[in-house]
Amino acid sequence: MSVVKSSLSDADLKTVGNALQGALVDLVDLSLVAKQVHWNVVGPRFRSVHLQLDEVVATARQHSDVVAERASAVGVNPDGRAASVASGSAIGDTPAGWIKDVDAVKILVDALGAVIARMRERIEATDAPDPVTQDILIGLTADLEKHAWMFQAESA
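Scope of this entry: the structure provided in the associated data block. (Residues numbered from 1 in each chain as written. Predicted model: local features only at pLDDT ≥ 70, side-chain atom pairs only at ≥ 80, totals over all residues. Heavy atoms only, no water.)

**Some details on the nonpolar core**
Moving on, step 1. With 43 residues, the main nonpolar core has L30, L108 and L144 as its most contacted residues.
Moving on, step 2. Mapped by element, the contributors of at least two residues to this core are α1 (10-40), α2 (46-73), α4 (101-125) and α5 (131-154).
Moving on, step 3. With twelve residues, the single largest contributor to this core is α1.
Moving on, step 4. Setting aside anything within four residues of it in sequence, one finds L144 in contact with L27, L30, T59, L112, V115, I116 and M119. (Core = buried A, V, L, I, M, F, W, Y, C linked by side-chain atoms within 4.5 Å. Buried < 20%, exposed > 50% of the residue type's maximum accessible area, 1.4 Å probe, protein only. Helix = DSSP H or I, 4+ residues; strand = E, 2+ residues; numbered from the N terminus. Contact = heavy atoms within 4.5 Å.)

**A short note on α2**
Moving on, step 1. The end-to-end C-alpha distance of α2, which contains 28 residues, comes to 41 Å, matching closely the 40 Å that a straight helix rising 1.5 Å per residue would cover.
Moving on, step 2. Just downstream of α2, G75 is the residue with a positive phi angle, here 95°. (Expected span 1.5 Å × (residues − 1).)

**Here we look at the pattern of salt bridges**
Moving on, step 1. This structure, assessed with the given rule, holds nine salt bridges.
Moving on, step 2. Close ionic contact of R70 with D130 constitutes a salt bridge, the shortest N to O distance being 2.8 Å. Of the two residues, R70 sits in helix α2 while D130 sits in the loop between α4 and α5, which places them 60 residues apart along the sequence. Like R70, the residue D130 is buried in the burial classification.
Moving on, step 3. One network of salt bridges, with partners in common, ties together D26, R118 and R122. (Salt bridge = Lys/Arg side-chain N within 4 Å of Asp/Glu carboxyl O.)

**Digging into the layout of surface pockets**
Moving on, step 1. Size it by volume and the largest pocket reaches roughly 170 Å³.
Moving on, step 2. Around the largest pocket, the lining residues are D29, L32, V33, V85, A86, S89, I91, G92, D93 and T94.
Moving on, step 3. With three residues, the single largest contributor to the lining of the largest pocket is α1.
Moving on, step 4. Across the lining of the largest pocket, the residue classes tally to five nonpolar, three polar and two charged. (1 Å grid on protein atoms, 1.4 Å probe; cavity = no way out; pocket = protein on both sides within 12 Å on 5 of 7 lines; lining within 4 Å. Points joined across faces, edges and corners; volume = space filled by probe spheres on them. Nonpolar A, V, L, I, M, F, W, Y, C, P; charged D, E, K, R; others polar.)

**Side note on the packing of α1 against α5**
Moving on, step 1. Between α1 and α5, the shortest axis-to-axis distance is 11 Å and the interhelical angle comes to 25°. Regarding the angle of α1 to α5, the classification is roughly parallel. The crossing of α1 and α5 is left-handed. Residues V16, A19, L20, A23, L27 and L30 of α1 form the contact with α5, whose own contacting residues are T133, L137, L140 and L144.
Moving on, step 2. Residues of the contact of α1 with α5, tallied by class, amount to nine nonpolar, one polar and no charged. (Axes fitted to C-alpha atoms, helices over the stretch in contact; angles between N-to-C directions. Parallel < 35°, antiparallel > 145°, perpendicular 65-115°, else oblique. Left-handed = near helix turned anticlockwise from the far one by under 90°.)

**Overview of the environment of A142**
Moving on, step 1. Looking at the secondary structure, you find A142 in helix α5.
Moving on, step 2. It is 11 Å that separates the C-alpha atoms of A142 and I123, two residues lying 19 residues apart in sequence.

**As for the environment of L8**
Moving on, step 1. Checked against the element boundaries, L8 lands in the segment before α1.
Moving on, step 2. Distance from L8 to V74, taken between C-alpha atoms, is 7.6 Å for residues 66 residues apart in sequence.
Moving on, step 3. In contact with L8, not counting residues within four places along its chain, are L13, V16, V74, P129 and D130.

**So, the side chain of H147**
Moving on, step 1. Relative to the assigned elements, H147 resides in helix α5.
Moving on, step 2. Its relative accessible area of 9% is what places H147 among the buried residues.
Moving on, step 3. Discounting chain neighbours no more than four positions away, the residues touching H147 are E55, V56, T59 and L112.

**Some words on the side chain of N40**
Moving on, step 1. In this structure, N40 sits in helix α1.
Moving on, step 2. Aside from chain neighbours lying at most four places away, what touches N40 is G97, W98 and I99.

Following this line, the structure appears as structure tokens:
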């Protein structure tokens, strides 16, 4: 059942829907990973890394809402359920327990790198079918790349 009628063709809607759903899953997982690391980071740089992680969480949550609402606007049901996030995310497992600040930085560099790589694929895939969705993906990728730069600078 589709309550919202899309202006996109069926083929374009499938491409755009897949891009938006994938982006949603990656963003939800990124927020969860960053928060998990935030709660468990320890070490001499605890405070700065702890605060920086909350910035990633805020960005991921903000953009996940925009992505989900765009999906709804074009007639695609966004799916942010735990099982969907767990099975579809590009981010690897996060270790349990305390996480040294240097390891926390590496976890975020890797997580952001995985998400950004897939976002860039989605940007390319949505170029012709839906420039509006592409624009959303470009903006959120720019924000994620800024976080990636900052975490990479932490590990230099």
